[in-house]
Amino acid sequence: MKSGNLSRRKFIASTSAGAAGAMLSNAIPAFGSLNGGAASELAINGGTPVRTDGWMDWPIWDPSDEESMLTLLRSGNWYRGDGHKCEEFESKYAQLIGARHVVATASGTTALIAALHTLGVDAGDEVIVSPYTFIATYNVVFNQKALPVFADTNQETFTIDPGKIEERITDRTRAILPVHIFGLPADMNRILAIAKKHNLSVVEDACQAWLAEYDGKMCGTLGDLGCFSFQNSKHIPSGEGGAIAGDNDEVMDRCFAYHNCGRPHGATMAGLRNYHIRGSNKRMTEIQAEILLSQMGRARADADKRLENALYLDSKLKDIPGIIPYKLADGATRSAYHFYPFRYKSEYFDGIPREQFMAALDAEGIPSYSGYGKQYFDGLIEDAIGSRGYKRLFSAGRLNRYREEIRNLPENDQLTREGVMLFQNMLLAEQKDMDDIINAIHKIYENRSQLT
Ligand SMILES: Cc1ncc(COP(=O)(O)O)c(C=O)c1O
């Protein structure tokens, strides 16, 4: 083992949670003294990488699933009307997350569309949305011909800042759509209180938050409805897939009906004529459900492993100047870690841009992702609000104010420049593999002068 490596291992053993606070204060500490100022050539410049082993592939499946998949294939019962896999999945997922009802859908996007539609989000309405999210959260609001109104992000928690919500509420606002991004629970107590005060619905975008917890309850079960994704990269994957969770019988019957072409469903719609409400086809297939029934089996153990490794990373990374791990929002009890997020402060790294830091990290054998950009400037907002329909639905004055609002998201803008995420499958490895991550970041910090 190279001496540089040895000293980085020593760094891991020698740093303590107690030393952390001081390290992240205003002054840039002489951190190198902890390991004797280890000098080592960065891999991006031709040095030996900290890690040469790869990371585990995703998704993971159990070969014992092959027989049941083959049986399903040969049965030809791939549609939920001809089988019971979707129903079985709905009941087991409801049990897993502690919801009274679950409706399985084709995807997370279709789950969100069905949820917003069922709660009455209609053309010309406004929905308060977290700007720091996958683009689907914006798209589902546009799908309803409503306006996604962004409340700024709390950059420490990566989630919507409840203190910024009320200033964005208008007489058109119908719902709040908080996102538990990366599995980090949004500050639901404050969001639910605001919703109650203004008589708004709350749809949780829990598409990255399986088994995340807020106040001891599962994310996706706190608002009026919660939506999940089971797309291939997700912790419970089935290629594509989604679910809506909720406790209200009537609302959930209507979600089911909407996702099944408007056909009445359940006791609360008994006796209604066949196509009594508007609907769509957003059904999950039996094939998706079969995969999910198997994938759900490993979800709890995987979640515990990710948590264990994430807490270990927290305890070590916070001691490296300029690396600020996520903070849980008030009341949040457990993240799902769809990514392990931290903020990179380039001023502690002699001004080296985030992208260069990430390239150096990648060369050390640690891949990362820069997260979401300023998507409200990508063109989709103008594409929507410049359209004939939106000009009919909203006054020119409102649309101009809206354009101003998206220029006033300072914390979100900063987060889009500073976020760095580690992939969820990396958190399924062992503690020694987490040490590679810590050592690689520390090596870059110590040898940052090689990048300028
Ligand atoms: C935060 C968030 N919302 C919504 C979605 C949409 O889910 P799907 O891709 O299953 O349609 C995703 C998927 O990545 C997501 O991450």
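Right above here is the structure, for reference.
The sections below set out a description of the structure shown in this document.

Topic: the site of the ligand
Phase 1 of the analysis: Taken together, 16 residues lie near the ligand, and Gly108, Thr109, Asp205, Ser229 and Lys234 sit nearest.
Phase 2 of the analysis: With respect to the ligand, the side chain of Ser229 contributes an N or O atom lying 2.7 Å from an oxygen atom.
Phase 3 of the analysis: Residue Lys234 places a side-chain N or O atom 2.5 Å away from an oxygen atom belonging to the ligand.
Phase 4 of the analysis: About the coverage of the ligand: the protein hides 92% of its 390 Å² of free accessible area.
Phase 5 of the analysis: Most atoms of the ligand, that is more than half of them, are within 2 Å of grid points of the largest pocket.
Phase 6 of the analysis: Those elements giving two or more residues to the shell around the ligand turn out to be helix H5 (108-118) and helix H6 (136-143).
Phase 7 of the analysis: With three residues, H5 is the single largest residue contributor to the shell around the ligand.

Considerations on the packing of aromatic side chains
Phase 1 of the analysis: Inspection of the entire model under this criterion finds 27 aromatic pairs.
Phase 2 of the analysis: Consider the rings of Tyr132 and Tyr372, whose centres lie 5.3 Å apart with planes at 80 degrees: the pair is edge-to-face. On the criterion of sequence distance, the pair formed by Tyr132 in the loop between strand S2 (126-129) and H6 and Tyr372 in the loop between helix H10 (354-363) and helix H11 (380-385) is long-range, its members being 240 residues apart. By the burial criterion, Tyr132 is buried, and Tyr372 matches it.
Phase 3 of the analysis: One aromatic cluster is present, formed by Tyr132, Phe158, Phe182, Phe339, Tyr369, Tyr372 and Phe423 through successive ring pairs.
Phase 4 of the analysis: When the ring centre of Tyr445 is taken as origin, the NZ or CZ atom of Arg448, which lies over that ring, is 4.2 Å away.

Re unusual backbone geometry
Phase 1 of the analysis: A cis amide bond, omega 0 degrees, links Trp58 with the succeeding residue Pro59.
Phase 2 of the analysis: The topology assignment puts Pro59 in the loop between helix H2 (20-23) and helix H3 (65-75).
Phase 3 of the analysis: Even without glycine at this site, Asn199 takes up a positive phi of about 55 degrees.
Phase 4 of the analysis: Its place among the elements puts Asn199 in the loop between helix H7 (188-197) and strand S7 (201-205).
Phase 5 of the analysis: Classification of Asn199 by relative accessible area gives exposed; the value is 71%.

Thoughts on helix H14 (residues 410-418)
Phase 1 of the analysis: Every buried residue belonging to H14 is among Asn412, Asp413, Leu415, Thr416 and Glu418, and all of these are buried.
Phase 2 of the analysis: On its buried face, H14 is in contact with strand S4 (153-154), strand S14 (339-344), H10 and strand S15 (419-423).

Topic: the sheet that holds S14
Adjacent strands of a sheet form backbone hydrogen bonds with each other and so pair up, either parallel or antiparallel.
Phase 1 of the analysis: In space, the three strands of this open sheet follow the order S12-S14-S15, with antiparallel pairing throughout. Two strands lie at the open edges of the sheet, namely strand S12 (323-325) and S15, each paired on one side alone. Averaged over all pairs of adjacent strands, the angle between their axes in this sheet comes to 35 degrees, without regard to strand direction.
Phase 2 of the analysis: As paired strands, S12 and S14 are joined by three bridges and run antiparallel to one another.

A word on the layout of surface pockets
Phase 1 of the analysis: Volume-wise, the largest pocket comes out at about 450 Å³.
Phase 2 of the analysis: Taken together, 26 residues form the lining of the largest pocket, with Gln208, Gln231, Ser233, Lys234 and His338 sitting closest to its centre.
Phase 3 of the analysis: Of all the secondary structure elements, the ones that give two or more residues to the lining of the largest pocket are H5 and H6.
Phase 4 of the analysis: In terms of residue count, the dominant contributor to the lining of the largest pocket is H5 (three residues).
Phase 5 of the analysis: Across the lining of the largest pocket, the residue classes break down as 11 nonpolar, 12 polar and three charged.

Section: the nonpolar core
Generally speaking, a soluble globular protein has its nonpolar side chains buried in company with each other.
Phase 1 of the analysis: If you look at the biggest cluster of nonpolar residues, it comprises 57 residues, and the most contacted ones within it are Phe150, Ile165, Leu177, Ile244 and Ile381.
Phase 2 of the analysis: Top contributing element to this core by residue count: H5, with six residues.
Phase 3 of the analysis: If we ignore the near neighbours within four places in the chain, the residues touching Leu177 are Leu112, Leu116, Val127, Ile128, Val129, Ser130, Thr137, Val140, Val141, Val203 and Asp205.
Phase 4 of the analysis: Core analysis: the second largest hydrophobic core is formed by 46 residues, Ala310, Tyr326, Phe349 and Ile441 among them.

A few points about helix H13 (residues 396-405)
Phase 1 of the analysis: Among all positions in H13, only Arg398, Leu399, Tyr402 and Glu405 are buried. Down the axis of H13, the buried set is contained in an arc of 110 degrees. They therefore lie on one face. Set apart from the buried face of H13 by more than 90 degrees, the exposed residues are Ala396 and Glu404.
Phase 2 of the analysis: On its buried side, H13 packs onto S2, strand S3 (147-150), H11 and helix H12 (388-393).

Quick look at a nonpolar patch on the surface
Phase 1 of the analysis: There is a patch of nonpolar side chains on the surface, built from Leu70, Leu73, Trp78 and Ile287 and spanning about 350 Å² of accessible area.
Phase 2 of the analysis: Along the chain, Leu70 falls in helix H3.

About the thresholds
Residues numbered from 1 in each chain as written. Predicted model: local features only at pLDDT ≥ 70, side-chain atom pairs only at ≥ 80, totals over all residues. Heavy atoms only, no water. Near = heavy atom within 4 Å. Polar contact = N/O pair within 3.5 Å; in protein donor to acceptor, adjacent residues only side chain to side chain. Areas by Shrake-Rupley, 256 points an atom, 1.4 Å probe, with all protein chains shown as cover. 1 Å grid on protein atoms, 1.4 Å probe; cavity = no way out; pocket = protein on both sides within 12 Å on 5 of 7 lines; lining within 4 Å. Sits in = over half its atoms within 2 Å of the grid points. Helix = DSSP H or I, 4+ residues; strand = E, 2+ residues; numbered from the N terminus. Phe/Tyr/Trp six-rings, centres within 6.5 Å; stacked < 30°, edge-to-face > 60°. Buried < 20%, exposed > 50% of the residue type's maximum accessible area, 1.4 Å probe, protein only. Lys NZ or Arg CZ within 6 Å of the ring centre and 35° of its normal. Contact = heavy atoms within 4.5 Å. Pairing = 2+ DSSP bridges. Axes fitted to C-alpha atoms, helices over the stretch in contact; angles between N-to-C directions. Points joined across faces, edges and corners; volume = space filled by probe spheres on them. Nonpolar A, V, L, I, M, F, W, Y, C, P; charged D, E, K, R; others polar. Core = buried A, V, L, I, M, F, W, Y, C linked by side-chain atoms within 4.5 Å. Arc of directions from axis to C-beta. Patch = residues over 30% accessible without salt bridge, like charges linked within 9 Å, V, L, I, M, F, W, Y side chains within 5 Å. Salt bridge = Lys/Arg side-chain N within 4 Å of Asp/Glu carboxyl O.

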